[in-house]
Each structure stands twice: as structure tokens, then as C-alpha cells.
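Spelled out from the first residue to the last, the chains are:
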Amino acid sequence: MTGRDTPSPNPPHLGRSEAKAARRSALLRSAAGLFAERGFAGVSMEDLGTAVGMSGPAVYRHFPSKQAVLAALLVGVSQDLLDGGTREVEQAPDSDRALRSLVTFHVAFALDDPDVIRIQDHDLDSLAPDDRRAVRTLQRRYVERWVDVLTTLHATIPPAELRVRALAGFGLINSTSHSTSRGRNEAGTPDREAVRSTLERMALAALLAE
């Protein structure tokens, strides 16, 4: 969900409900890019509308407030991570494959949605209390998916230590969001495949270390 490739807010050949969903999706992608670049406080509803070719008041047809846009981004991505991580674990034939699949999944997220990671780092406290709790709850459940897998691989290591190890792995993987973004690499930055390979290798080494 980034604002780098903003589609038309009125895609052709779509019914009314599909067009509304497409406009909402376009707003979220643009909001991710704007919030990441300017910060939540530095973006207005008018800015969000302008980014997708609609007026500020028209944005309110999709979101009641700027805070609701932020909630849709952060609660939405937290739910997506939990659902995706759960799916990777359930489909894996064993714990080793489950961990490798989780790492691949999370690295892909970090490379695809660096803006959302930066927004969470800077603007999580701008969420309403209920939405902030929802994000935290979803994130804890996602971490526990990792801890459950790590527990089967490191039976002698206490779960609390494995939780720290999982969080450190996230920190390593997510750190790339502060130096790269989809479609906009600085001069000298390795291409996506090189970054992906490095992150996966380093994360697995840290998670599997005895």
C-alpha cells in the first residue's frame, strides 16, 4: 500500500461498488506515500483528495476523518500480516520450512510496503486509542506465530528469549524501509533481489543461531 503508483480514482469499466472500492484503495495508497513523506500531521484531507484527483470533501465519502485513513492503513496491514503469517505456518510441512516461509513473507512485506513501516514508526500514537489497541493486539498475535515456530526449533530456549529474537528479526528486516522505497532507490542501493537475498539470509542466521 504505497503512494508511488497512483491509479485513476475512476477506473473504466467498473460498476459503482467496484469503482468506489477502487477509489478507496487509491486513497489508501496515496495516503501511505504522503504520510510517510510528510508525517500524519503534515497531510490534510485536501492533500489526500488532490493526490487521486478528487476534492477534499469527496474524501469524506470514503473516510470520516484523516485519523480513519490512518487506522485503515495500520490496522489493515497488521491484519494482513497476521493472516499471511498464519497461512505460511499452516501450509508449511515442518517448522524449519515454516520459519523460512515466514522470513520470506515478511521480507516481501518490508520491500513492498516500506511507507507503512515508516508510518507506524512515526505516527502510531496518532491513532485513536481503540485503533491503537487493535494494532497492538494483532501485532502480538503475529509475533506469537513466530515464537510458536521458534519454540519447536529451539526447545531449550525460553519463550521470552525467543520473543526477543523474533522482534530483533523484525527490526533487521524492517530497517530497509528507512533507506529504500518501492520504485525509488538511492544511487548505489542494491536492487530488490540483492536486498531480498541479504535480508533473508541475515534474518535466518539470527533466528536459527544456537
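Remember, it's a predicted structure, so these values are computed and weren't measured experimentally.

S.K.: How would you explain helix H5 (residues 95-112) if you had to name every residue and give the values?
M.R.: Taking 1.5 Å of rise per residue, the 18 residues of H5 would be expected to cover 26 Å, and the 25 Å separating its terminal C-alpha atoms lies within 8% of that figure. Turning to H5, the residues buried within the fold contact helix H4 (66-91), helix H6 (114-123), helix H7 (129-153), helix H8 (159-174) and helix H9 (192-208). Capping the start of H5 is the job of one residue whose side-chain oxygen sits 3.2 Å from the backbone nitrogen of Asp96: Asp94.

S.K.: Help me get a handle on the nonpolar core, residues and values and all.
M.R.: Ranked by internal contacts, the top residues of the largest apolar core, which has 58 residues, are Phe35, Leu48, Leu74, Ile119 and Trp146. Discounting chain neighbours no more than four positions away, the residues touching Trp146 are Leu99, Leu102, Val103, His106, Ala166, Phe170 and Leu207.

S.K.: How would you explain H9 if you had to name every residue and give the values?
M.R.: Under the 1.5 Å per step criterion, the end-to-end length of H9 is 24 Å for 17 residues, consistent within 8% with the ideal 24 Å. Buried within H9 are the following residues: Val195, Leu199, Glu200, Ala203, Leu204 and Leu207. The buried side chains of H9 occupy one side of the element, clustering within an arc of 150° when seen end-on. Packing partners of the buried residues in H9 comprise H5, H7 and H8.

S.K.: An account of the pattern of salt bridges is needed here, citing residue identities and associated values.
M.R.: Scanning the model with the defined rule gives 9 salt bridges in all. Arg38 serves as the salt-bridge partner of Asp47, at 3.3 Å between the closest nitrogen and oxygen. The partner of Asp112 in a salt bridge is Arg192, and the shortest N-O contact between them spans 2.9 Å. A residue pair is termed long-range when its members are at least 10 positions apart, and Asp112 in helix H5 and Arg192 in helix H9 qualify at 80 residues.

S.K.: Explain the packing of aromatic side chains to me, and be specific about the residues and the numbers.
M.R.: Per the counting criterion, the structure on display carries 4 aromatic pairs. Aromatic side chains Tyr142 and Trp146 sit 6.1 Å apart centroid to centroid with 80° between the ring planes, which places their arrangement in the edge-to-face category. Here Tyr142 pairs with Trp146, and both are found in helix H7, just 4 residues apart, close to one helical turn. Residue classification places Tyr142 among the buried positions, given a relative accessible area of 4%. On the basis of relative accessibility, which here comes to 1%, the residue Trp146 falls in the buried class. Plain terms: the ring middles of Trp146 and Phe170 are 4.9 Å apart, the flat faces sit at 90° to each other, and that makes the pair edge-to-face.

S.K.: Could you give me a rundown of the packing of H4 against H7, with the residues and numbers involved?
M.R.: The axes of two packed helices give the description: the angle between them and the distance between them. For the pair H4 and H7, interaxial distance at closest approach is 9 Å and the crossing angle is 20°. Here H4 lies roughly parallel to H7, going by the angle between them. Pair H4 / H7 crosses with left-handed handedness. Along the contact surface, H4 presents Ala71, Leu74, Val75, Ser78, Gln79, Leu81, Leu82, Gly85, Thr86 and Val89, while H7 presents Asp131, Ala134, Val135, Leu138, Gln139, Arg141, Tyr142, Arg145 and Val149. Partitioned by chemical class, the residues of the contact of H4 with H7 number 11 nonpolar, 5 polar and 3 charged.

Rules and cut-offs
- Residues numbered from 1 in each chain as written.
- Predicted model: local features only at pLDDT ≥ 70, side-chain atom pairs only at ≥ 80, totals over all residues.
- Heavy atoms only, no water.
- Helix = DSSP H or I, 4+ residues; strand = E, 2+ residues; numbered from the N terminus.
- Expected span 1.5 Å × (residues − 1).
- Contact = heavy atoms within 4.5 Å.
- Polar contact = N/O pair within 3.5 Å; in protein donor to acceptor, adjacent residues only side chain to side chain.
- Core = buried A, V, L, I, M, F, W, Y, C linked by side-chain atoms within 4.5 Å.
- Buried < 20%, exposed > 50% of the residue type's maximum accessible area, 1.4 Å probe, protein only.
- Arc of directions from axis to C-beta.
- Salt bridge = Lys/Arg side-chain N within 4 Å of Asp/Glu carboxyl O.
- Phe/Tyr/Trp six-rings, centres within 6.5 Å; stacked < 30°, edge-to-face > 60°.
- Axes fitted to C-alpha atoms, helices over the stretch in contact; angles between N-to-C directions.
- Parallel < 35°, antiparallel > 145°, perpendicular 65-115°, else oblique.
- Left-handed = near helix turned anticlockwise from the far one by under 90°.
- Nonpolar A, V, L, I, M, F, W, Y, C, P; charged D, E, K, R; others polar.

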